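Take a look at the letters that make up each chain.
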Amino acid sequence: MPDAKEVIVRVKRQVSPKGTPYWEEFALPWRPAMNVIICLRDIAENPVTREGQRTTPISYDSNCLEEVCGSCAMLINGKARMACSALVDKLDQPIRLEPFSKFPVVRDLAVDRQFMFESLKRVKSWIPIDGTYDLGEGPRMAPETQEKAYPLSRCISCGSCLEVCPQVNDNNKFIGAAIISQVRLFNMHPTGAMHAKERIAALMEPGGIQDCANAQNCVKACPKDIPLTESIAEMNRQAWKQALVGWLVG
Amino acid sequence: MSRTATRSETDYLLRKLHSFTGVIPVGAFLAEHFWSNSYALVSRAQYDAKSQELQTIPFRVAVEWLFIFLPMLYHGGYGIYIWLRGKSNISAYPWVGNWLYTTQRYTGLIAFAYIGWHLYTERWLTHGKSTYTDVEDLLQNPYALAFMFIGVLASSFHLGVGIWNFLCKWGLAATVKAQRAAGALGATVGFAFSVIGVLIVLSFWLNWHPFDFYLK
């Protein structure tokens, strides 16, 4: 009988940043067009495990519910996914939910992605337009450049590219594909280009672009289809030119 | 911009040097080595003449250390350091690029160990005067023969993937289309080197000289 269908969800939980992880299993009534966020909401409405034990609602980050805010990224059946766009009917059950492994856990499925924010600050991932006087209008951007820049601007800092990257781990401070792609975006902008050299220099610091080992997992995992490997290659070329040729020809 | 000048680029430059030495001179030497050794496919005498020519080049020891031994030591040693700072995850993400990432590490280690043994048997034990007969004798040992095949295949694979990596990591193949072409080039090089390497080993093992009709 279809209305008796159940959705089994296993969640890796953790009470605090230093807490010991443990698993809890939930059996939820199936509904049409269910996604993982709906499962988590249903658990919050009735936080009772499959064994009938009362528990706490699961902590997780989410906001837009349409794959543009990047906050609900987590491991779904072992793969980096956005919970809002992960449809239950397309997932193998039991559905395993785990927090991202490359970021510190705050609680349950919520992780702290401060590392990405710090990296974005490190590479000056913005366009300075304020001065002590009115700087006036900036230069115009060619439509061709706009077409290249737009896909890069869709990055939602979800961290999926870092999660799947073999080079991002405890032994390494690699900043990851998203940040490198943002440098490309801001260096492509006619006003942003005024700080291009500074951003490239930041990319060559320890943990920078050199730590990419070309496994190309990032581009496969990116939920926004950003051409991350193109961005990395492009920035790689600009970086070595600046580092190796820059001191000769300026 | 004064802050940028004080930033450390050492890590960046060492990593770039690792990438560069893999192609030049290590990869280039592999190409030269396979070319010279393929004289065995012509005849024993042709091979001995070619190897004697190489063994009597001017500044031999300096050339060997500067263009062969030191770059290989650096590429291998730094490569192990890179391996230790990565964490393979092919079970979770079994994509082609990810497989190549992992196999690149294992083939690199195999090739490094093999080259060490190969240098010991063919360069040190023979005092740099290895001949066709020396190699032929060595390959009568089945373990040596097996290691020779493994070493040739691991080195060829590692060079093929390395060329793809190099073209991507220096931004010479930046677009998706260019990276696909770089992948095809790497695969072709890896495959061609494997075939030629295996033919050379077979030539020594079986005393087989398919191009000896040139001399008739």
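Thresholds, definitions, all that
- Residues numbered from 1 in each chain as written.
- Chains lettered and ligands numbered in written order.
- Predicted model: local features only at pLDDT ≥ 70, side-chain atom pairs only at ≥ 80, totals over all residues.
- Contact = placed C-beta atoms within 7 Å.
- Helix = DSSP H or I, 4+ residues; strand = E, 2+ residues; numbered from the N terminus.
- Nonpolar A, V, L, I, M, F, W, Y, C, P; charged D, E, K, R; others polar.
- Core = buried A, V, L, I, M, F, W, Y, C linked by C-beta atoms within 7 Å.
- Buried ≥ 20, exposed ≤ 12 C-beta atoms within 10 Å, placed from the backbone.
- Domains from an automatic or database assignment.
- Pairing = 2+ DSSP bridges.
- Axes fitted to C-alpha atoms, helices over the stretch in contact; angles between N-to-C directions.

As a further point, take the interface of chain A and chain B. Taken together, the contact pairs 32 residues of chain A with 33 residues of chain B. For the side of chain A that touches chain B, the elements supplying multiple residues, two or more each, are α6 (196-203), α7 (217-221) and α8 (228-249) of chain A. With eight residues, the top contributor of residues to the side of chain A that touches chain B is α8 of chain A. Looking at the side of chain A that touches chain B, its residues break down into 12 nonpolar, 12 polar and eight charged.

Soluble globular proteins: nonpolar side chains tend toward being buried together. All names here are of chain A. One finds Cys 161, Cys 165, Leu 203 and Cys 218 to be the most contacted residues of the largest nonpolar core, which totals 102 residues. Both domain 1 (2-111) and domain 2 (114-249) contribute no fewer than three residues apiece to this core. With sequence-adjacent residues up to four places away left out, Cys 165 is seen in contact with Phe 174, Gly 176, Ala 177, Ala 215, Asn 217 and Cys 218.

With that settled, the discussion passes to the domain arrangement of chain A. Residue and element names in this part refer to chain A. As assigned here, chain A comprises domain 1 (2-111) and domain 2 (114-249). The interface is formed by 12 residues belonging to domain 1 together with 12 residues belonging to domain 2. A breakdown of the residues in the side of domain 1 that touches domain 2 according to their chemical character gives seven nonpolar, three polar and two charged.

What follows concerns the sheet that holds strand β3 (residues 73-76) of chain A. Residues and elements named next belong to chain A. With mixed pairing, five strands are arranged side by side in an open sheet as β2-β1-β5-β3-β4. Strand pairing shows two members of the sheet lacking a second neighbour, β2 (22-29) and β4 (79-82), which therefore form its edges. Geometrically, the sheet is characterised by an average inter-axis angle of 35° between neighbouring strands, direction not taken into account. Where β3 and β4 come together, four bridges link them in antiparallel fashion. Bridged to Ile 76 within β4 is Lys 79. Each of β1 (6-13), β2, β3 and β5 (95-98) is contacted by helix α1 (residues 36-45), which is oriented at about 95° to β2, the strand it contacts most.

Before going further, it helps to spend a moment on the pairing of β1 of chain A. Along any regular strand, the residues point their side chains to alternate faces of the sheet. Residue and element names in this part refer to chain A. Residues Val 7, Val 9, Val 11 and Arg 13 of β1 are buried on one face, while the alternating residues Glu 6, Ile 8, Arg 10 and Lys 12, pointing to the opposite face, are not. Where β1 meets β2, eight bridges bridge the pair, whose relative direction is antiparallel. Bridged to Ile 8 within β2 is Ala 27. Direction of pairing for β1 relative to β5: parallel, over a ladder of three bridges. Each residue of the ladder has a partner; that of Val 11, found in β5, is Leu 97.

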